[in-house]
Amino acid sequence: MPVSVRSGTKVWQRRDRNTQLAVWFGWLVATALVVLSWEVISERTMWMFVEDAHIQAADLLGRMVPPRWSYMDRLWQPLWDTLNIATLGTLIAIVLGVPLAFLAARNTTPSVLFVRPLALLVIVASRSINSLIWALLLVSIIGPGVLAGVIAIALRSVGFIGKLLYEALEEIDEGAVEAIESTGASRPQVIGYAMVPQVAPAFAGISVFRWDINIRESTVLGLVGAGGIGLQLEASISQLAWREASVIFLVILVTVLASEWLSARIRHAII
Amino acid sequence: MTTAAIDRARRWRPPPLIANPVLRWALLLGAVVYLALAVSGIPVNWERVSEGLERGGRFLAGFLYPDFSSRFGEIFEGFVESLVMTVVATVLGLLVSIPVALGAARNLAPLPVYYFCRGLIALSRTFQEIIVAILFVAMFGFGPFAGVLTLVFGTVGFLSKLLAEDIEDIDRSQVEAIRATGGSWFQLLNYGVQPQVMPRLIGLSLYRLDINFRESAVIGIVGAGGIGATLNTAFDRYEYDVAAAILLVIIVIVMIAEYSSSAIRRWVQ
Amino acid sequence: MLVIEGLAKQYPTGDRALKGVSLTVPKGQIMALIGPSGAGKSTLIRCVNRLVEPTAGRVTLDGQPITGLSRRGLRQARRKMGMIFQEFALVERLTVMENVLSGRLGYVGFWRSWFRRFPEADVAAAFALLDRVGLAGFEDKRADALSGGQRQRVGIARALLQHPSLLLVDEPTASLDPKTSRQIMRLLQELCRERGLAAIINIHDVALAQMFAERIVGLRSGEIVYDGPPDDVSADILTRIYGEEDWSQTIRLPDEDGEPEMPHADAGAVNRERLAGLT
């Protein structure tokens, strides 16, 4: 008890003795863990390189400016590809992710015991693996190109859309569901009338949000050969053409800002 | 029922999503045209794809019979590196994020500080981790140090933004009450702000820990340490059973992280 | 003694919440401030401890000018003014004891407050106050586990732990049921009398104001339109403060006591205002 009586007066402490000791012990363990981890990293680092990092940075910057603006002409096609990778990937993910969410949500799944865990496993597998790794895998399987990028984005986004949508489904107001059920509606009707309208804004928001993220991710998929503007970046960096790379960086920056602005506008309009 | 009423009942339709018919049809048409253009613009080498199906089968088979043993040393080292990078980057990122978040909360910070911190956050959020990793590797050399810096950079953008939003949403009256007792600025933070945002801060940090681990598996591809390099090599050598083993470990670690973090979050609530 | 002279406040939006209010509250007086929503009641008491910065005018507490104080001076002056809030404004995730002790923040240094190592005398005083407001044994409960009335008692204990000479009370009963409202008002009245505290109480409920205050000040559109004893508040005066309405059921007759079934028959209007205050 934090309150104890000591020499006649009540004494208050935030935590009692044992809790306080446990807290200190927890901090000690956490600190030790971080220090140990740092030791491992420090061992594997060439400190010589780190020390002259500022020289490297200055050197890099010197080689990046001024950007070679004429390179812009060759970026429009990759930019269009990037946009397509993100958009088509998101669309495929929606088509696959929505049914998955209904299978995963406790209140809509056909079977809590068999279907739900399976759906959850698919969701977590899709989410655990970054789209770049999916791209690595797909490039290795079906060869480099835009198609690999589209599928990589789709595979990563299925889990994202599935997870957020099934959570939204589980959080809906049960009152409306009961009301529709009490009219004698069938299960699909209950879903259509009581559940879908409740999650529709969330669904639209999630889709647009994911599209925004996918624009970002599709700009770098090319680094592993999966199409889009990243291909150009990979080529420029491997040729040490940093003036071209800086143009690409700027294009990516503008694209990302534009997509963020657009998705914010759309989400604002929906909500 | 009057005929007018019947007529009205017959004509009733649910209102369309977009009220303006011109806009509605234009958007639909635009979407169709875009899709046609986008899909037709994808070059597909069907020969290569059909060839790949066999490899895809091998990859799926690799999932059923993952090979942990033949490259155990590399996999183990890679994961240790990924995990230590995750821990260090999350802690460092958290330490940097808190002051940045305080500066980026409109209700606490003066305007110049606010703009500075918001700018910092925007900068960090705009660039993909992988691009940042490329630059840091070029500056600091190959290895986990560049990776840690990359993850810290990403963590600051993520944590500060969400934490700042949370700080902006706190109950003002609790802060006002502490102010009315004559508490100083730091006491205000400690008593009025910290208790309100603490559960969310813990939740966000755990979430970011999870993200950092996943990212650490990627930035290795460009040489910034972690399991990504091993994974990349496995794909390059078409060793799908090794790749499957690595992916399975990633999935399991992410699942463990998710379950334990939701447990911790429930506990701090 | 609190002296307010020509206090004015204009918000950046252009709203003139206060238009030159002058007021003197002697030591130990319980004053109720009534008026419609938006009359500037809340702004007035917040201008006293400068949670809201007044645009013009002077505030003096026990001879010390509050307006014009530096930040540090202001913090020290705020210790002398305990504030009690409508929505209780407890730090919900802290325990009752931590909330009460937060009344000492103006007196202790940062690190002491960080480690919750308050001076023994403060802790003893906190225990005594918790006993006094009827919350003995609640010290380790978290604030969000309490009922409305209990939370307000914690709020009162926090304000009193500052050892103030003045209480600024903002709608103490607006979030409470009628019975609890009376208990809280009675507690405030008793505590003020025990300690010789002056209090300014913003309150929507005219009947409660008449029951527990020694003086009533009516505020309308940032100006004082009534200042006098509670028993002189007539239908005319209420019309002057709030506007036209049938007030005959609202006013407490001077001799009436005991618990009427509805403390205010004009519940509709008052409740609507309460709801407005809540949002």
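This is a predicted model, so every value here is computed, not measured.

Caption draft 1: Layout of the packing of helix α6 (residues 129-140) of chain B against helix α9 (residues 185-219) of chain B. Residue and element names in this part refer to chain B. Relative orientation of the contacting elements α6 and α9 amounts to 60°, with a least axis distance of 10 Å. Overall, the two elements α6 and α9 adopt an arrangement that is oblique. Once α6 is placed against α9, the crossing between them reads as right-handed. Here Glu129, Ile130 and Ala133 of α6 come into contact with α9, specifically with Arg208, Glu215, Val218 and Ile219. Tallied by class, the residues present in the contact of α6 with α9 amount to four nonpolar, no polar and three charged.

Caption draft 2: Seen up close, α9(B). All names here are of chain B. For α9, with 35 residues, the first-to-last C-alpha span of 40 Å runs short of the 51 Å given by 1.5 Å per residue. In α9, a bend of some 60° at Gln194 exceeds every other bend along the element, and Pro195, a proline, comes one to four places later. Burial of α9 is extensive: 27 of the 35 residues sit out of reach of the surface.

Caption draft 3: Seen up close, the domain arrangement of chain A. Along its sequence, chain A is organised into domain 1 (1-41) and domain 2 (74-270). Summarising the inter-unit geometry, the C-alpha centres of domain 1 of chain A and domain 2 of chain A are found 44 Å apart.

Caption draft 4: A look at the interface of chain B and chain C. With 22 residues of chain B at the interface, the matching set in chain C holds 30 residues. Of all residues in chain B, B:Thr181, B:Gln187 and B:Tyr191 give up the largest surface area on contact with chain C, accounting jointly for 29% of the area buried on that side. For the interface between chain B and chain C, the tally reads one salt bridge. Of the charged contacts, one joins B:Glu176 and C:Arg46 as a salt bridge, the two residues approaching to 2.8 Å between their closest N and O atoms.

Caption draft 5: Focus on the domain arrangement of chain C. Residues and elements named next belong to chain C. We note that the domain assignment places domain 1 (1-35 + 214-252) and domain 2 (61-201) within chain C. Centre-to-centre separation of domain 1 and domain 2, based on C-alpha positions: 25 Å. Taken residue by residue, the interface counts twelve residues in domain 1 and twelve residues in domain 2. A per-residue breakdown of the area domain 1 buries against domain 2 is headed by Met1, Leu2 and Ile30, which together make up 46% of the total. In this assembly, domain 1 and domain 2 are joined by zero salt bridges. If you look at where domain 1 meets domain 2, you find six residue pairs in polar contact (both at pLDDT 80 or more). With four residues, the top contributor of residues to the side of domain 1 that touches domain 2 is strand β3 (residues 30-34). For the side of domain 1 that touches domain 2, a count of residues per class yields eight nonpolar, two polar and two charged.

Caption draft 6: How the structure looks around the sheet that holds strand β5 (residues 64-65) of chain C. All names here are of chain C. The strand order across the open sheet formed by four strands is β2-β1-β4-β5, and the pairing between neighbours is antiparallel. Where the open sheet ends on each side, the last strands, each with one partner, are β2 (16-25) and β5. Where strand β4 (residues 56-61) lies against β5, two bridges are found, and the strand directions are antiparallel. Note that in β5 the partner of Thr60 across the bridge is Pro65. Across the sheet, helix α1 (residues 41-48) touches β1 (2-10), β2 and β4, and the angle it forms with β1 is around 120°.

Caption draft 7: Representation of the confidence of the model for chain A in the model. This prediction gives chain A a mean pLDDT of 87; 96% of its residues lie at or above 70. Mean pLDDT values over the elements of chain A span from 65, in strand β1 (residues 3-6) of chain A, up to 94, in helix α4 (residues 76-104) of chain A.

Caption draft 8: Highlighting the interface of chain A and chain B. Each partner contributes to the interface: chain A provides 58 residues, whereas chain B provides 52 residues. Across the interface of chain A and chain B, roughly 4,900 Å² is buried in total on both sides, 75% from carbon and sulfur atoms. For the interface between chain A and chain B, the tally reads three salt bridges. For A:Arg127, the salt bridge identified is with B:Glu258, shortest N-O distance 2.2 Å. Summed over the shared surface of chain A and chain B, the result is eleven residue pairs in polar contact (both at pLDDT 80 or more). Looking at the side of chain A that touches chain B, its residues break down into 41 nonpolar, ten polar and seven charged.

Caption draft 9: Up close: the nonpolar core. Grouped together as the largest cluster of nonpolar side chains are 167 residues, with contacts concentrated most on C:Ile34, C:Ile156 and C:Leu167. Residue contacts for C:Ile34: discarding those within four places in its chain leaves C:Lys41, C:Ile203, C:Val206, C:Ala209, C:Ile216, C:Val217, C:Gly218, C:Leu219, C:Leu238, C:Ile241 and C:Tyr242. Counting residues in each nonpolar core, the second largest holds 34 residues, with B:Ala177, C:Leu33, C:Leu44 and C:Cys47 among its members.

Caption draft 10: Up close: the sheet that holds strand β8 (residues 198-202) of chain C. All names here are of chain C. One open sheet accounts for six strands, arranged β6-β7-β8-β3-β9-β10; its pairing is mixed. Across the chains shown, the open sheet's two edge strands, defined by having one partner strand only, are β6 (81-84) and β10 (223-228). Between one strand axis and the next, the sheet turns by 20° as a mean value, whatever way the strands run. Docked against the sheet, helix α7 (residues 178-195) engages β3, β6, β7 (166-170) and β8, running at close to 170° with respect to β7.

Rules of the game
- Residues numbered from 1 in each chain as written.
- Chains lettered and ligands numbered in written order.
- Predicted model: local features only at pLDDT ≥ 70, side-chain atom pairs only at ≥ 80, totals over all residues.
- Heavy atoms only, no water.
- Axes fitted to C-alpha atoms, helices over the stretch in contact; angles between N-to-C directions.
- Helix = DSSP H or I, 4+ residues; strand = E, 2+ residues; numbered from the N terminus.
- Parallel < 35°, antiparallel > 145°, perpendicular 65-115°, else oblique.
- Left-handed = near helix turned anticlockwise from the far one by under 90°.
- Contact = heavy atoms within 4.5 Å.
- Nonpolar A, V, L, I, M, F, W, Y, C, P; charged D, E, K, R; others polar.
- Expected span 1.5 Å × (residues − 1).
- Bend = angle between axes of the 7 residues up to and from the residue.
- Buried < 20%, exposed > 50% of the residue type's maximum accessible area, 1.4 Å probe, protein only.
- Domains from an automatic or database assignment.
- Buried area = accessible area lost by both parts, 1.4 Å probe.
- Salt bridge = Lys/Arg side-chain N within 4 Å of Asp/Glu carboxyl O.
- Polar contact = N/O pair within 3.5 Å; in protein donor to acceptor, adjacent residues only side chain to side chain.
- Pairing = 2+ DSSP bridges.
- pLDDT = per-residue confidence, 0-100.
- Core = buried A, V, L, I, M, F, W, Y, C linked by side-chain atoms within 4.5 Å.

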